[in-house]
Amino acid sequence: MNWKAMLISLGVLLLLGGGFLTYIELKENIPRQLNGSPLIAVGEKTKSLKDIIFETQKYVVMIETDNGDQGSAFLYNEHGDLITNAHVVSGVREVRVKTADARELIGEVIGISTEVDVAVVRVPELANSGSLPLVKYEKASVGDEVLSIGSPLGLQNTVTTGMISGVGRSLQISPYTYSDLYQISTPISHGNSGGPLVDTSTGYVLGINSAGLENSSIGFSIPIVNVLPLIEGWSMEPMTMLPGITLNEDSETVEETKRLDQLASYLVAHFYDAINIGDYVYAYTLLGNSWQEGTSYVKFRESYIATRNISIDDEHITLGDEEATITVIISADERVDGSYKLTKRQISFRVGYDDDQLKLLNSKSKQLQ
């Protein structure tokens, strides 16, 4: 072999070797795929647990029926469709839906099973409002850390954390057959049913929380991958008849229960939750039209950007015919001259309906400390 051929061969080997080393280096820097969720781009900042909780809470609702049943549900597509348990909405066509931003809407059951404890509720007003991402192809494993969000005993958007403590569990709770369940260390009580089981590392929905053992910290969740084809089928072709109910029959419109004091209190708390997590855009959407017209988003954000760790220490509610005044005492860390100090303020919010949605209409603030 002449010297030219030797140089060419050596160059080829060096290129192949360099390419192989580059491949190994890249491979080591690419995160593994978690539970069917998209790969996280190299260098992308992962979300904190608080971020995931708040992002999830936006799309979890409380459901109430005229039968006295109460549970949870979550948005999963852009049609305004909610996934929940069949036992939460069985025997009814319409339900009351309470959203995270304190709206009360009417939803229609468009799909329900009499064998698998799954149902879908459509709320047209929630179309194109965003939704929770789902794990569509893989299942969770024992040891995976999870969180559950629901409304136990009517306490909306309650969060509990835990882990997958078992897989492949089976139960029989008439008339439903539960098979291949996740066993979880987060308790499922009345009102939690139908809420999402979420992977704490990705924010993706793993399952539908469905049952729990009485006086126990053990719960059970239906893997979303097991029932997604059924759910998506109802969304594409809503059922024309529900078990024991004909969609064409006459029925009375469900009367909305106006609990203005509870809704107004919840809206104020939700507003401060958004501020604490740094989601100023979402907090701004909770303001009424007149408040937004008088305060730009930039000015609104600047008024809160130097404030953190807001907590409500006391609250007083005064009810009017169609409005409520919520006066709260808050503690917060405010940045002054480059450092944070604890302050106390008294804030009075006027809360009422604006374009049929409950909004923060205005506020007055007074520093106490």
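Everything below is about the structure printed above this text.
Residues numbered from 1 in each chain as written. Predicted model: local features only at pLDDT ≥ 70, side-chain atom pairs only at ≥ 80, totals over all residues. Heavy atoms only, no water.

*Asks:* Help me understand the overall build of the chain, please; the structure alone is not making it clear to me.
*Replies:* Helix and strand counts for the chain stand at eight helices and 18 strands. Expressed as a percentage of its 369 residues, the buried residues of the chain come to 45%. The contacts in the chain between residues at least 6 apart in sequence include a share of 60% that link residues at least 24 apart. Surface summary for the chain: the accessible area is close to 19,100 Å², and the carbon and sulfur share equals 52%. (Helix = DSSP H or I, 4+ residues; strand = E, 2+ residues; numbered from the N terminus. Buried < 20%, exposed > 50% of the residue type's maximum accessible area, 1.4 Å probe, protein only. Contact = heavy atoms within 4.5 Å. Areas by Shrake-Rupley, 256 points an atom, 1.4 Å probe, with all protein chains shown as cover.)

*Asks:* I'm lost on a nonpolar patch on the surface in this one. Help?
*Replies:* The grouping of Val 142, Met 163 and Val 167 at the surface amounts to a nonpolar patch, some 230 Å² of accessible area in total. You can see Val 167 is positioned in strand E8 (residues 158-173). (Patch = residues over 30% accessible without salt bridge, like charges linked within 9 Å, V, L, I, M, F, W, Y side chains within 5 Å. Salt bridge = Lys/Arg side-chain N within 4 Å of Asp/Glu carboxyl O.)

*Asks:* I'm lost on the sheet that holds E8 in this one. Help?
*Replies:* Strand pairs in the sheet, formed through backbone hydrogen bonds, run parallel or antiparallel to each other. Read around the closed barrel, six strands run E7-E8-E9-E12-E11-E10, paired in antiparallel fashion. Across this sheet, the average inter-strand angle for adjacent strands is 55°, counted without regard to direction. Pairing of strand E7 (residues 145-150) with E8, which is carried by six bridges, proceeds in the antiparallel orientation. Its bridge partner being in E8, Val 146 is matched across the sheet by Gly 162. Helix H2 (residues 49-57) contacts E7, E8 and strand E10 (196-199) of the sheet and is inclined by roughly 35° relative to E7. (Pairing = 2+ DSSP bridges. Axes fitted to C-alpha atoms, helices over the stretch in contact; angles between N-to-C directions.)

*Asks:* In this structure, what is going on with the layout of surface pockets? I would like to understand it.
*Replies:* Rolling a probe over the atoms, with the probe sized like a water molecule, indicates the empty space that remains. For the second largest pocket, the calculated volume is near 370 Å³. Around the second largest pocket, the lining comprises 21 residues; the ones closest to its centre are Ser 303, Tyr 304, Arg 345, Ile 347 and Ser 365. When residues in the lining of the second largest pocket are grouped by element, the largest group, five residues, is from helix H8 (residues 297-304). When the residues that make up the lining of the second largest pocket are grouped by side-chain class, the tally is eleven nonpolar, five polar and five charged. (1 Å grid on protein atoms, 1.4 Å probe; cavity = no way out; pocket = protein on both sides within 12 Å on 5 of 7 lines; lining within 4 Å. Points joined across faces, edges and corners; volume = space filled by probe spheres on them. Nonpolar A, V, L, I, M, F, W, Y, C, P; charged D, E, K, R; others polar.)

*Asks:* What is the right way to read the environment of Gly 143 from this model?
*Replies:* Along the chain, Gly 143 turns up in the loop between strand E6 (119-122) and E7. C-alpha separation for the pair Gly 143 and Ser 165, spaced 22 residues apart in sequence, amounts to 6.3 Å. For Gly 143, the residues in contact, after removing those within four places along its chain, are Met 163 and Ile 164.

*Asks:* Before we go on, may I ask you to explain the environment of Ile 326 in this structure?
*Replies:* Mapped onto the elements, Ile 326 comes out in strand E16 (residues 323-336). We classify Ile 326 as buried; its relative accessible area is 0%. Beyond its immediate sequence surroundings of up to four residues, Ile 326 is in contact with Ala 264, Ser 265, Val 268, Glu 315, His 316, Ile 317, Ile 347, Ser 348, Phe 349 and Val 351.

*Asks:* Any chance you could explain unusual backbone geometry here in plain terms?
*Replies:* Excluding glycine, residues mostly have negative phi values, and the peptide bonds linking residues are mostly trans. Each neighbour pair has its own omega, and for Ser 174 with Pro 175 the value is 5°, a cis peptide bond. By the element assignment, Pro 175 lies in the loop between E8 and strand E9 (176-184). Notably, Asn 309 is not glycine yet its phi reads approximately 55°, a positive angle. Summarising the element assignment, Asn 309 is placed in strand E15 (residues 307-319). When its relative accessible area of 48% is taken as the criterion, Asn 309 is described as partly exposed. Phi is positive for Asp 337, close to 55°, though the residue is something other than glycine. Relative accessible area serves as the criterion here: at 81%, Asp 337 is assigned to the exposed category.

*Asks:* Can you walk me through the nonpolar core in this structure?
*Replies:* A general feature of soluble globular proteins is that nonpolar side chains tend to end up buried together. In terms of nonpolar packing, the biggest core is built from 47 residues, with Ile 63, Phe 74, Leu 82, Val 89, Ile 208 and Ile 231 touching the most fellow members. Counting residues per element, this core draws most heavily on helix H4 (residues 224-236), at six residues. Not counting the four nearest positions on each side in its chain, Leu 82 is found in contact with Val 61, Ala 73, Phe 74, Leu 75, Val 97, Ala 119, Val 120, Val 121, Val 123 and Leu 126. Counting residues in hydrophobic clusters, the runner-up holds 33 residues, among them Tyr 266, Ile 275, Leu 287 and Ile 310. (Core = buried A, V, L, I, M, F, W, Y, C linked by side-chain atoms within 4.5 Å.)

*Asks:* Any chance you could explain empty space enclosed by the protein here in plain terms?
*Replies:* Enumeration over the complete set of coordinates arrives at one cavity of 30 Å³ or more. As for the largest cavity, its lining consists of Met 62, Glu 64, Arg 96, Val 97, Lys 98, Glu 104 and Arg 259. Elements with a minimum of two residues in the lining of the largest cavity: strand E1 (60-64) and strand E4 (94-98). Among the elements that line the lining of the largest cavity, the one with the most residues is E4, at three residues. Looking at the lining of the largest cavity residue by residue, the class counts come to two nonpolar, no polar and five charged.

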